[in-house]
Each structure stands twice: as structure tokens, then as C-alpha cells.
Amino acid sequence: MQRVGVALGGAPALPDLLAPSPAPRRIDGRELISRPLTAAPWHLVVVADESEITRLVLERLWPYALMLLGVLVALVLAQQAMQRFFVGPAIALAGRVREQSGNGGEPGEAPSVPELWRPWFLAVDEAFRSSRLSLARIREEQALKAAIVEATFDSIITIDEAGKVVEFSAGAETVFGYRRDEAIGQPISTLIVPPHLRGRHEEGLRRYIATGERHVLGRRIEIEGQRADGSLFPVELAIAEVRLPDRRLFTAYLRDITDRNRAEQALLESERQFRAIVEDQTELICRFDQDFRLTFSNRAHARLFGAEPEALKGQYFFDSVPEHIGKELRRGMLALTPDNPVYSAEHEKTLPSGERRWFAWTNRALFDAAGRRTGFQCVGRDTSEARRAQE
């Protein structure tokens with residue numbers, strides 16, 4: 001009791017000392033804990049000065065404080081290293097990608113990053129550079145194709161698998177009489193296909209989509225088309241298929257052949273009239289190619305050989321001419337030019353019957369626009385009787 005009193009600076013009341021205290025009590029600036037001893041009739045009273053408790057606590061916590069400080073320093077250094085070597089460069093790389101994505105031209109100078117990250121920046125720059133070059137080439141090709149499509153006089157129409165128009169060229173506008181905005185999205189069968197052909201067109205498209213069986217695709221054919229005013233006209237048609245990842249398109253190339261058909265009909269009529277005139281002539285009329293092979297014979301000429309005109313085609317000019325005459329005749333005909341295209345001669349000709357007769361020939365060389373010889377046209381008459389009369 002006396003020692004406790006000394007420790008507390010005085011003798012406290014006994015009941016205060018012996019009162020059990022689960023937690024420390026402060027008495028005169030000191031911490032006091034009192035516990036009864038179960039094995040003896042005593043009380044254990046512990047008195048500690050606050051400074052002593054503080055010293056003991058600090059001695060025990062100091063190592064942990066140093067460890068905590070070390071952990072904090074390590075975390076700060078790790079965060080800085082992460083920021084410098086990983087987070088910062090990663091953010092800069094993402095910014096580079098964003099800059100490249102939104103920049104149509106060349107990118108600016110790459111930021112300063114650790115050497116480890118430089119290949120990544122170079123790879124990003126190269127990938128976007130290649131992409132820009134590819135896009136530029138694609139745009140150039142598309143612009144060229146668009147210019148060709150717009151400049152062509154032919155009609156170019158593209159439809160999808162449902163038969164609806166997705167592209168309508170300027171040439172198609174001119175030929176069919178529809179504006180592009182009117183045609184886009186419309187069924188091609190009701191737009192330019194005549195009523196009597198619509199069923200065949202729609203059935204053919206359905207059959208090809210379902211089975212791949214083609215009748216028109218990849219061929220050039222002549223059919224009728226219909227203009228916006230309902231008039232029909234002949235067109236030459238070729239269809240090409242374009243397969244895309246998500247759909248198929250069909251591009252039709254159509255040409256108005258009204259003028260061509262008229263010209264062909266006029267040419268056929270002119271040829272018919274020419275043949276009628278030539279066939280009615282009593283003179284011998286024939287044509288040879290540049291190799292002296294017969295390409296045309298009128299009936300008067302064919303009768304000399306006892307054959308039909310068609311049967312004489314391909315006959316060699318000099319087969320029925322004596323050799324000594326043929327050499328001079330050949331030399332004279334080969335010497336003809338566009339300025340001097342006519343060579344006249346009179347010579348004997350051996351007929352299939354073996355009879356030899358005399359003919360006077362006017363041989364004209366034929367030339368193309370470039371001045372190249374393409375063949376010969378020969379007009380002759382039988383002079384055998386006149387020669388006999390002179391003899």
C-alpha cells in the first residue's frame with residue numbers, strides 16, 4: 001500500500017484501489033489497473049506513468065512504422081514507374097490512335113516515350129499510313145469508275161437480289177427517260193422491262209438466286225426495252241454479277257441499238273440492191289482478197305466455170321491463168337497504189353472444160369482508210385469472138 005502511494009504521489013483511498021477496473025483508470029495523471037487474484041486473497045494493482053506507456057508503445061510500434069513508411073515509399077515509386085513506363089505511354093498510344101483516326105493527313109511528331117514503346121508507335125503510324133494510301137487508291141479508282149460510268153453513252157443499271165434499282169447512270173437517264181432519284185428503289189421489271197417480258201425476267205431472277213441456273217448472265221443478247229413514255233426500242237444487254245460479303249448485285253449494261261439496226265437494215269437493203277444489179281450484168285464481176293482468193297462472184301462469172309457463185313469462193317485467182325501471163329499480171333496488180341489503183345489487161349483464161357478464151361479485165365485494187373490493200377475487184381468481158389474476127 002505504501003509503494004502504491006509512492007507511485008501515485010500519495011495514499012489513495014483503499015476502496016478506490018481495490019475497485020475492479022476492466023479498463024485503465026486515470027488517477028493523478030497515472031494509469032491504474034486493479035484486478036483481484038483468484039488464487040489468493042489479494043488484489044493486483046498496476047500503476048504506470050503516461051510517459052512510460054508512451055515510450056513502451058513507441059518502442060513496439062516503431063518497426064511497424066518504418067515498415068509502413070517503406071511500403072508507402074515503394075507504392076509511390078511503383079506508381080511513378082507505372083505512370084512513366086506503362087500508363088503514360090499507353091495513354092499516349094491511345095491518343096496517337098485517336099489522332100490518326102481523325103486526321104486525314106500526315107500525323108505530327110510522335111511523343112517522347114520509353115524505347116520499349118517506340119515499336120508500338122511506329123506500328124500504329126505505319127498501319128494508318130498504309131490505310132490512308134489504300135483509301136486514297138480506292139477513292140481514285142472509284143472516282144475513275146464513276147467518271148467512266150457518267151461519261152459513257154451506254155446505260156448502266158445495278159439492281160439487288162430483290163430486283164430493285166440501286167444505281168442508275170446518267171446514260172440510263174438519257175436513254176430511258178427517268179431521273180436517277182425516280183429510278184432508285186424501283187423494281188427494274190416495272191421500270192424498263194416491257195409488259196410481255198416481265199414475267200420471264202422475274203422468273204429468271206428468282207431461278208438464278210435459288211439454283212444458280214443462268215440463261216442470260218454472262219451473255220450478250222438483244223431484247224426490247226421500254227422508255228418512261230411507254231415506247232419500246234431494241235437494246236443490247238449484258239449482265240454481270242457482283243458478289244459482296246452481305247449481298248449480291250447485278251449490273252446491266254444496255255445500249256440503244258435503234259440506229260445500229262436501222263443502219264444494218266439499210267446496209268442489207270443496199271447490198272441486196274447492189275447484188276441484184278451485179279447479178280443482172282452480163283460482164284464478169286468478181287472480187288479477191290489480198291492473197292488472190294475469190295470472195296465474190298456474180299452469176300455471169302460463175303457460169304464460165306459451170307458452178308454456183310458460192311462454190312467458187314476460195315478459188316485462187318491464177319489457177320485458171322497461163323503461167324507466163326500470170327507472172328506479169330501478178331506483178332502489175334501488186335504494183336497498184338491508192339493514187340494509181342487500176343490495172344487493165346487482156347489475157348487468156350483456161351475454163352474447166354479445157355477451152356481457152358480471151359478476156360479483157362479492169363482490175364481495181366481496194367484500200368482501207370490507212371492505205372493498206374485489202375483486195376481486188378475485177379470486171380471482165382469475153383473478147384474471144386472479137387479476136388477471132390480480127391484474125
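Residues numbered from 1 in each chain as written. Predicted model: local features only at pLDDT ≥ 70, side-chain atom pairs only at ≥ 80, totals over all residues. Heavy atoms only, no water.

Novice: Pulling in residues and values, what's your account of the overall build of the protein chain?
Specialist: A tally of regular secondary structure across the protein chain gives 13 helices and 13 strands. Taking all contacts inside the protein chain whose residues are at least 6 apart in sequence as the whole, residues at least 24 apart take part in 37%. (Helix = DSSP H or I, 4+ residues; strand = E, 2+ residues; numbered from the N terminus. Contact = heavy atoms within 4.5 Å.)

Novice: So what's going on with helix 8 (residues 195-211)? Which residues, and what values?
Specialist: Here helix 8 is 17 residues long and its end C-alpha atoms lie 25 Å apart, about the 24 Å a rise of 1.5 Å per residue gives. Those residues of helix 8 lying buried are Leu197, Gly204, Leu205 and Tyr208. End-on view of helix 8: buried residues confined to an arc of 100°, all on one side of the axis. Of the exposed residues in helix 8, the ones pointing more than 90 degrees away from its buried face are Pro195, Ala210 and Thr211. Just past helix 8, the residue glycine 212 takes up positive phi, approximately 80°. (Expected span 1.5 Å × (residues − 1). Buried < 20%, exposed > 50% of the residue type's maximum accessible area, 1.4 Å probe, protein only. Arc of directions from axis to C-beta.)

Novice: Residue-level account of the side chain of serine 384, with values.
Specialist: Mapped onto the elements of the fold, serine 384 is located in helix 13 (residues 384-390). Of note is the side chain of serine 384, whose polar atom sits 2.8 Å from the side chain of aspartate 382. Ignoring anything within four residues of it in the chain, the contact list for serine 384 reads Arg357 and Trp358. (Polar contact = N/O pair within 3.5 Å; in protein donor to acceptor, adjacent residues only side chain to side chain.)

Novice: Can you explain the sheet that holds strand 7 (residues 232-243)? Please cite residues and give values.
Specialist: Reading across from one edge, 5-4-8-7-6 is the order of the five strands in this open sheet, with antiparallel pairing throughout. Across the chains shown, the open sheet's two edge strands, defined by having one partner strand only, are strand 5 (165-168) and strand 6 (220-226). The average angle at which neighbouring strand axes cross in this sheet is 30°, direction not considered. Sheet topology places strand 4 (residues 155-160) next to strand 8 (residues 248-256); six bridges connect them, and they run antiparallel. Following the sheet pairing, aspartate 160 is matched in strand 8 by leucine 249. Against the sheet, helix 8 touches strand 6, strand 7 and strand 8, its axis set at about 145° to strand 8. (Pairing = 2+ DSSP bridges. Axes fitted to C-alpha atoms, helices over the stretch in contact; angles between N-to-C directions.)

Nothing here speaks to function; it is all geometry.
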